[in-house]
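# Observations on chain architecture
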Amino acid sequence: VIRQAGRERGARLIRFAERAVEFWEETIASRGIECEYLRSGNVVAGVHPRHREPLRKSAALARELGVKASFLDEAAMRERGLPPAFRFGVLEGCGGHMHPGKYALGLRSALLGSGARVFEQTPVKALQLSGEPRIAPWDDAETGARALGTAEVEQLARDFIAAARRAEQAGF
């Protein structure tokens, strides 16, 4: 991410992803969604000796940027129960594993129990506020929408998180 987006923007994207995981975990807990979630982090594994140093550097850079990450040597990988083919890796501290089918059913149950109306199979091609130009995740000649800019995506994420928190405080 850092190589593609640059140091500052990449760090913001990583923090955004970590906040999204935290929000998701809060949703599971607050809605009582039973999906066998195990908060174990995620491992980016190396299988060849030449992967060791790039992974070690990635872990160091991640920690420097405030990301929850650490380098795992061979012993640490075995302690986590990972097969010997995965020699070493970087443990990303947030996230984990869950049963996706149980998550989907639990989320459905929570949604239906909230009284919300659900409109299935309705694609959103663009958003348009009254008097504002159409915007979308990408330029769309069919709808005349322009792509969202980075600042707009970041603001949209902040607004979404704030709206989710308000909904939660209101009992949804």
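Computed from a predicted structure; not experimentally measured.

## As for the sheet that holds strand β3 (residues 88-92)
In space, the 3 strands of this open sheet follow the order β1-β3-β2, with antiparallel pairing throughout. If you trace the sheet from one side to the other, it starts and ends with β1 (42-46) and β2 (69-72), each paired once. The sheet shows a mean angle of 20° between the axes of neighbouring strands, taken without regard to direction. Both β1 and β3 contribute to a ladder of 5 bridges, which runs antiparallel.

## Observations concerning the pattern of salt bridges
Under the counting rule described, the total for this entry stands at 9 salt bridges. The partner of R12 in a salt bridge is E8, and the shortest N-O contact between them spans 3.2 Å. You can see R12 and its partner E8 sitting in helix α2 (residues 7-31), 4 residues apart, about one turn around the helix. Close ionic contact of R52 with E74 constitutes a salt bridge, the shortest N to O distance being 2.3 Å. In this pair, R52 is assigned in helix α3 (residues 52-64) and E74 in helix α4 (residues 74-79), connecting sequence segments 22 residues apart. For R52, a relative accessible area of 23% puts it in the partly exposed group. Through salt bridges that share partners, E8, R12 and E154 make up one connected network.

## Quick word on the layout of surface pockets
Of the pockets and cavities examined, the largest pocket occupies roughly 670 Å³. Lining the largest pocket we find 24 residues, and of these V1, I14, S58, A62 and E92 sit closest to its centre. The set of elements that each furnish at least two residues to the lining of the largest pocket consists of α1 (2-5), α2, β1, α3 and β3. In terms of residue count, the dominant contributor to the lining of the largest pocket is α3 (6 residues). Its residues placed into classes, the lining of the largest pocket shows 16 nonpolar, 4 polar and 4 charged.

Rules used throughout
- Residues numbered from 1 in each chain as written.
- Predicted model: local features only at pLDDT ≥ 70, side-chain atom pairs only at ≥ 80, totals over all residues.
- Heavy atoms only, no water.
- Pairing = 2+ DSSP bridges.
- Helix = DSSP H or I, 4+ residues; strand = E, 2+ residues; numbered from the N terminus.
- Axes fitted to C-alpha atoms, helices over the stretch in contact; angles between N-to-C directions.
- Salt bridge = Lys/Arg side-chain N within 4 Å of Asp/Glu carboxyl O.
- Buried < 20%, exposed > 50% of the residue type's maximum accessible area, 1.4 Å probe, protein only.
- 1 Å grid on protein atoms, 1.4 Å probe; cavity = no way out; pocket = protein on both sides within 12 Å on 5 of 7 lines; lining within 4 Å.
- Points joined across faces, edges and corners; volume = space filled by probe spheres on them.
- Nonpolar A, V, L, I, M, F, W, Y, C, P; charged D, E, K, R; others polar.

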